[in-house]
Amino acid sequence: MFIGIAHKVITSHRKGAPNLTLFMTIPTLNALESGELTLHVKNTGYGYANADPISIAVTASDGIEILTEPTINTIPKQSSTELDIPIKALKAGKQSVSVEVTCANYSKSLREEFVVYPPEPELIAEPSVPAFLQVGEDNVVSLKLRNTGMVVAKNIVISVLHPVEIDCISKNEVKIEKIDPGSDREVPFKLNPSVAGQINIGTFKLSFEDLEDETYNKSIEIGTVTARTGPSTSIPTEEVTLAKVEIKRGYEVLQNNDLRFGIRIINNTDSAIMDVETILAYPKTLFSFNDNVVQSLANIDPHGERTAEYILTPLGCIHNEKIDATITYKDHTGEKQAVQMRPKEVHCVCPFLKEKAMREGEFAELANTCEHIQEGLSFSGISVNEITEFVKEACAHRLYVISEHEIDSAKIVNLAGESIGEKAYYLLTAVIQPYNNFTQVALRAYSDKPYGLHGFLNEIGNSIRHLVGSVQSAKEIGIIESKQVINIIDSVVQRTSFGGHGESATSVNIEDSAVQRSEITSARKCPNCGKEVQADERFCSECEVELRTIK
């Protein structure tokens, strides 16, 4: 499983009372797939969590279906338990699951967000060959293709890499328009060996596309078969089925724009596979990776699965780049096997944006017809109005403010922009509202180019955090007395010192000035008449007393 771990939630300890810690493990799912979410409940308190039964409420976003609600009667003190919750992913995108555990007057809740990946076709190839080939006769070898995925596999091409005589559409290639999910198609090949002995049937290359035109490739090794002379009626046939070890892969873009790449190995055989390792191959000029590319998954039980996870740091915008991997393992006979994972196309784009003016109705129409992702931020000590200004400042020169509305105590801002050099629009809706002692910001990003959504939203979110952090840091510095304030507007000031200490400090305001190598010090008073004089004056203009002796 490709695991997502939620933040731990811990209550303060009371003697004789339960104290629950919750976290969840989420399987990596493609849309239309089912899996099991595991809820881990640990009672670190010294009292039992009791009820008849304990109430466990599970809710999810509209893209996740909860198939079975979990139940439990008691959680003993200083113990833990795990509850499996079957779920089904209905659509791709960022999804969430929330759990609330209640017993008597005690309750604990947890919410976890995770990514559901787009559905993929999955073609399983099952070759059927005779136990022997008959010399001088046509021998039929068939390749049965079964689509075990959730969507249509289209533009299927079977190429023969080893030259054999084939009775099909063309000599060395077969094309199939599509195979629907759950359907299969059998393709016959005709071999007519001229001499007895070991015949290498060779390798078949299988390629196909999904609904988004992404291409998948597989190699199917048939191996060698004995060709012999004699009557064909004595030749038995047998099924030769390839090892069913599935590889699924997916990725998500983290808040810091890193890529979390997961490789899930599924053992669909009736025997364990041992010493499973994943070897990652990635473009080193585009990604930084400080860990080991080889990850050991140990052994995988029959019909079990395990996931390797890699964190890659993009060195720039990534688009239409492929990450590959090799998976090695030992089968039930101890023989080492190597499987090439089909490359996964990854995107991590931070688009360069410019403002795009549009009507509010056009904004709503575009937002309803494209993909979106969302992120939540929380701040303390900053008002709704201040955060609203920070959002607009973070988006300045990149996004155009379409509208700004106030509903009750919340503010809603809609902004729009388009990427420079590419005909793609990026829309943003920000909802700012107070909640308890915090100000919450909900950001929802839309685009007709979904590969740039994560980078777009991450950039905006980071800009808002930076602005809020800068203001909060400035508030911690303290208030400077007005006598010590020096305002300089539209000025060029070089090597300048502003004198004055303590009570004699002055305010200096310079507007539209050019001051270079200047020293501005405090004025003083004539000791004879009390008139204020400049520091460089030798005589008082009022009483004409010589001032150079004044100390």
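Residues numbered from 1 in each chain as written. Predicted model: local features only at pLDDT ≥ 70, side-chain atom pairs only at ≥ 80, totals over all residues. Heavy atoms only, no water.

Counting 29 residues, the largest nonpolar core has Ile387, Leu399, Leu428, Ile432, Leu443, Phe456 and Ile464 as the members making the most contacts within it. Of all the secondary structure elements, the ones that give two or more residues to this core are β28 (371-380), α2 (384-394), β30 (410-419), β31 (425-435), β32 (438-447) and α3 (453-477). Sort the elements by how many residues they give to this core and α3 lands first, with seven residues. In contact with phenylalanine 456, not counting residues within four places along its chain, are Val349, Pro351, Leu353, Leu399, Tyr426, Leu427, Leu428 and Ala445. (Core = buried A, V, L, I, M, F, W, Y, C linked by side-chain atoms within 4.5 Å. Buried < 20%, exposed > 50% of the residue type's maximum accessible area, 1.4 Å probe, protein only. Helix = DSSP H or I, 4+ residues; strand = E, 2+ residues; numbered from the N terminus. Contact = heavy atoms within 4.5 Å.)

Considering the arrangement of structural elements, one finds arginine 264 in strand β20 (residues 259-267). Assessed through its relative accessible area of 7%, arginine 264 is described here as buried. One polar contact links the side chain of arginine 264 to the main-chain carbonyl oxygen of threonine 28, over a distance of 2.6 Å. (Polar contact = N/O pair within 3.5 Å; in protein donor to acceptor, adjacent residues only side chain to side chain.)

Let us look at unusual backbone geometry. Phi is positive for alanine 298, which is not a glycine, with a value near 60°. Relative to the helices and strands, alanine 298 resides in strand β23 (residues 294-300). The phi angle at asparagine 436 is positive, at roughly 55°, despite the residue not being glycine. Within the secondary structure, asparagine 436 sits in the loop between β31 and β32.

This part is about empty space enclosed by the protein. Summed over all chains, the structure comprises one cavity of 30 Å³ or more. In this structure, the largest cavity encloses a volume near 70 Å³. Lining the largest cavity are 11 residues; nearest its centre among them are Thr28, Lys248, Arg249, Gly250 and Arg264. Every element with two or more residues in the lining of the largest cavity is listed here: β19 (245-253) and β20. (1 Å grid on protein atoms, 1.4 Å probe; cavity = no way out; pocket = protein on both sides within 12 Å on 5 of 7 lines; lining within 4 Å. Points joined across faces, edges and corners; volume = space filled by probe spheres on them.)

Another point: the environment of leucine 83. Looking at the secondary structure, you find leucine 83 in strand β7 (residues 79-89). When the C-alpha atoms of leucine 83 and valine 41 are compared, they prove to be 8.0 Å apart, with 42 residues separating the residues in sequence. Setting aside residues no more than four positions away along its own chain, leucine 83 makes contact with Leu37, Thr38, Leu39, Ile56, Pro70, Thr71 and Ile72.

As a further point, take the side chain of aspartate 258. Its location among the elements puts aspartate 258 in the loop between β19 and β20. At a separation of 3.1 Å, a polar atom in the side chain of aspartate 258 contacts the side chain of threonine 313. If near-sequence neighbours (up to four positions away) are discounted, aspartate 258 is found in contact with Glu252, Val253, Ile311, Leu312, Thr313 and Pro314.

Let's shift gears to helix α1 (residues 360-367). Of the residues making up α1, those classed as buried are Phe363, Leu366 and Ala367. Along the long axis of α1, the arc covered by the buried residues comes to 100°, so they all point the same way. Tucked into the core, α1 has its buried residues touching β29 (400-407), β30, β31 and β32. (Arc of directions from axis to C-beta.)

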